[in-house]
Amino acid sequence: MGNTLHSAVPSVQLIVAENTWLEGKAIQQLEITAQLPDMVRVVGLPDLHPGRGYPVGAAFFSQSRFYPALIGNDIGCGMALWRTDLTLSKWSLDKLEKRLGSIDTPLDAEDLPDDIPEHFCYSPGTIGGGNHFAELQQLDEIYQPDILETWQLSKQQLLLLVHSGSRGMGQMILEQHVREHGHGGLVASSPQARNYFQQHQQALDYACFNRQLIAERMLKRWRVNGERLFDVSHNLLTQCTVDGTTGWLHRKGATPADEGPVIIPGSRGDYSYLVQPLSSESSLFSLAHGAGRKWMRGECKERLSGRYNAVQLSRTALGSRVICLDKQLIFQEAPEAYKPISGVMDAMLQAGLVKLIARLKPVLTYKTRGGNE
């Protein structure tokens, strides 16, 4: 049975099920973070894994002070889901891949709207590296057909999921903050905090806009129409009230549970789940943002190269295809490097945090055409 468990530190909670695997280092990072000044509560979600000093797959609630370093260097990283006119009955994977080509190069100024803000200039229309991707998905199992009917979705249509962030903009904001203030956080009423929050909002806006550029760019290549169903960020700071206390909610790799339906993706060779959040203070109004890493990036190629080559990793057990010509990245992002999404979903279902809408199967994933050795 799923539980919200306390760790050895009383203000730390873990959303887990019997089959949830959490690395000790990630729990340790969570417990250290819970001891920061003015930190009230922290929650580790079932995709929790170690990050650079701070854990990923977690939510943190503080009072009077907030911590930009907890949000990290990719402010606004999130996911947008689009309905498309594409159908597999009319398109083969070969045709889809060929027509798409490469979208690694930033869009030129003439391809952007004339009225966009000046700071929307960080590699516009590109996905970025790491775990970012754009993926065509197909409805595989439907649990709440009434919701899909309101969205005019059927199993014949393909959906487009775009996972990206604010590109170099978030990195610039974090670096500037750490240079000036270190990791000690900011008093929320200070001018420095107001300045950070303004920059943070600009990065959120740009990340959302960039996901739109990516989706429109891909749809244009395929010469089809599409419509965005939703866009949510999972690296962000918001003002929030928890247990009657007003403070600051930091999400680092955590999907908001208070903005309507969201998608929880697995690895590129696993299913994704469209879910209806059941907003809960027990999880700090947050859900897992994916499967969560199981292996560190530096160990993936050594673990897998004896079993697979890069070409083999571009085909998945679900019959989908992965476009990734970076020979390091394709090993780092192999399905085996991630936890099974089923375990993550079990924990959230048993904890009463979500209701399933549909299960989706990957069809074609784009990561990069850049062929680094």
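This structure is a prediction, so every number in the text was calculated from the model and none was measured.

Let's shift gears to the overall build of the chain. Across its full length, the chain carries ten helices and 18 strands. On C-alpha atoms alone, the chain measures out to a radius of gyration of 20 Å, which is about the 21 Å that the 2.2 N^0.38 rule sets for 373 residues. Taking the principal axes of its C-alpha atoms as reference, the chain extends roughly 55 × 50 × 45 Å. Looking at the 373 residues of the chain, the share that counts as buried comes to 57%. Partitioning the contacts of the chain with sequence separation of at least 6, the portion at a separation of at least 24 is 77%. Accessible surface, the chain: about 15500 Å² in total, of which carbon and sulfur atoms supply 48%. When the 37 basic and 39 acidic side-chain charges of the chain are each reduced to a single mean position, those positions are 5 Å apart.

In a soluble, globular protein the nonpolar side chains are often hidden away together inside. With 40 residues, the main nonpolar core has I264, V275, L287, M345 and M348 as its most contacted residues. The greatest single-element share of this core, amounting to four residues, is contributed by helix α10 (residues 341-350). In this view, L287 contacts L45, A254, T255, A257, V262, I264, V275, P277, M348, L353 and V354; residues no more than four positions away in its chain are not counted. If you look at the next biggest cluster of nonpolar residues, it comprises 24 residues, including A80, L93, A215 and V224.

This part takes up the state of the cysteines. Inspection of every chain in the model, using the stated rule, returns zero disulfides. C300 forms no disulfide, and the closest cysteine sulfur to it belongs to C324, at a distance of 12 Å. Relative accessible area serves as the criterion here: at 0%, C300 is assigned to the buried category.

It is worth spelling out empty space enclosed by the protein at this point. Inspection of every chain in the model, using the stated rule, returns one cavity of 30 Å³ or more. Taken as a whole, the largest cavity spans an internal volume of roughly 70 Å³. Residue lining of the largest cavity: R268, G269, L313, T316, V322, C324, L329, I330, E333, A334, P335 and K367, and that is the complete set. Of all the elements in the fold, those that place two or more residues in the lining of the largest cavity are β17 (321-324) and α9 (329-332). Its residues assigned to classes, the lining of the largest cavity comprises seven nonpolar, two polar and three charged.

Another aspect to go through is the pairing of strand β14 (residues 262-265). Burial along β14 is two-sided: the residues V262 and I264 and I263 and P265 are all buried. Relative to strand β15 (residues 272-277), β14 is paired through four bridges, and the arrangement is antiparallel. For I264, the partnering residue across the bridge sits in β15 and is Y273. Between β14 and the antiparallel strand that follows it, β15, lie six residues.

What follows covers the packing of aromatic side chains. Inspection of the entire model under this criterion finds six aromatic pairs. Their ring planes at 75° and their centres at 5.5 Å tell us that F197 and W248 sit as a pair that is edge-to-face. Of this pair, F197 sits in helix α6 (residues 191-222) while W248 sits in strand β12 (residues 245-252); the two residues are 51 residues apart in sequence, bridging distant segments of the chain. Its relative accessible area of 10% is what places W248 among the buried residues. Over the aromatic face of W91 sits the side chain of K95, whose NZ or CZ is 4.8 Å from the ring centroid. Note that R268 overlies the ring of F133, its terminal NZ or CZ placed 3.7 Å from the centroid.

Each packed pair of helices is defined by two parameters, the angle between the axes and the distance between the axes. Between helix α5 (residues 168-181) and α6, the least distance of the axes is 9 Å, while the angle of their chain directions is 165°. The pairing of α5 with α6 is recorded here as roughly antiparallel in orientation. The hand of the α5/α6 crossing is left-handed. For the pair α5 and α6, contact is made by M169, I173, Q176 and H181 and by Q192, Y196, Q199, Q202, A203 and Y206, respectively. Considered class by class, the residues forming the contact of α5 with α6 number five nonpolar, five polar and no charged.

The next point concerns helix α1 (residues 24-33). The set of residues buried in α1 consists of A26, Q29, L30, E31 and T33. For α1, the secondary structure elements touched by its buried residues are β2 (12-16), β3 (39-49), β4 (56-62) and α2 (68-71).

What follows is about the pattern of salt bridges. Tallied over the entire structure, the rule returns 14 salt bridges. The closest approach of N and O atoms between R268 and E135, which form a salt bridge, is 2.8 Å. Here E135 lies in strand β7 (residues 133-142) and R268 lies in the loop between β14 and β15, a separation of 133 residues in the sequence. By relative accessible area, R268 is classed as buried at 7%. The shortest N-O distance in the salt bridge between R303 and E299 comes to 2.7 Å. With R303 and E299 both in helix α7 (residues 297-304) and four residues apart, the pair spans about one turn of that helix. Judged by its relative accessible area of 26%, E299 falls in the partly exposed class. Among the charged side chains, a salt-bridge network with shared partners connects D94, E97, R321 and R369.

Criteria and cut-off values
- Residues numbered from 1 in each chain as written.
- Predicted model: local features only at pLDDT ≥ 70, side-chain atom pairs only at ≥ 80, totals over all residues.
- Heavy atoms only, no water.
- Helix = DSSP H or I, 4+ residues; strand = E, 2+ residues; numbered from the N terminus.
- Rg over C-alpha atoms; globule rule 2.2 N^0.38 Å.
- Buried < 20%, exposed > 50% of the residue type's maximum accessible area, 1.4 Å probe, protein only.
- Contact = heavy atoms within 4.5 Å.
- Areas by Shrake-Rupley, 256 points an atom, 1.4 Å probe, with all protein chains shown as cover.
- Lys, Arg positive; Asp, Glu negative; His and termini not counted.
- Charge placed at Lys NZ, Arg CZ, Asp CG, Glu CD.
- Core = buried A, V, L, I, M, F, W, Y, C linked by side-chain atoms within 4.5 Å.
- Disulfide = S-S within 2.5 Å.
- 1 Å grid on protein atoms, 1.4 Å probe; cavity = no way out; pocket = protein on both sides within 12 Å on 5 of 7 lines; lining within 4 Å.
- Points joined across faces, edges and corners; volume = space filled by probe spheres on them.
- Nonpolar A, V, L, I, M, F, W, Y, C, P; charged D, E, K, R; others polar.
- Pairing = 2+ DSSP bridges.
- Phe/Tyr/Trp six-rings, centres within 6.5 Å; stacked < 30°, edge-to-face > 60°.
- Lys NZ or Arg CZ within 6 Å of the ring centre and 35° of its normal.
- Axes fitted to C-alpha atoms, helices over the stretch in contact; angles between N-to-C directions.
- Parallel < 35°, antiparallel > 145°, perpendicular 65-115°, else oblique.
- Left-handed = near helix turned anticlockwise from the far one by under 90°.
- Salt bridge = Lys/Arg side-chain N within 4 Å of Asp/Glu carboxyl O.

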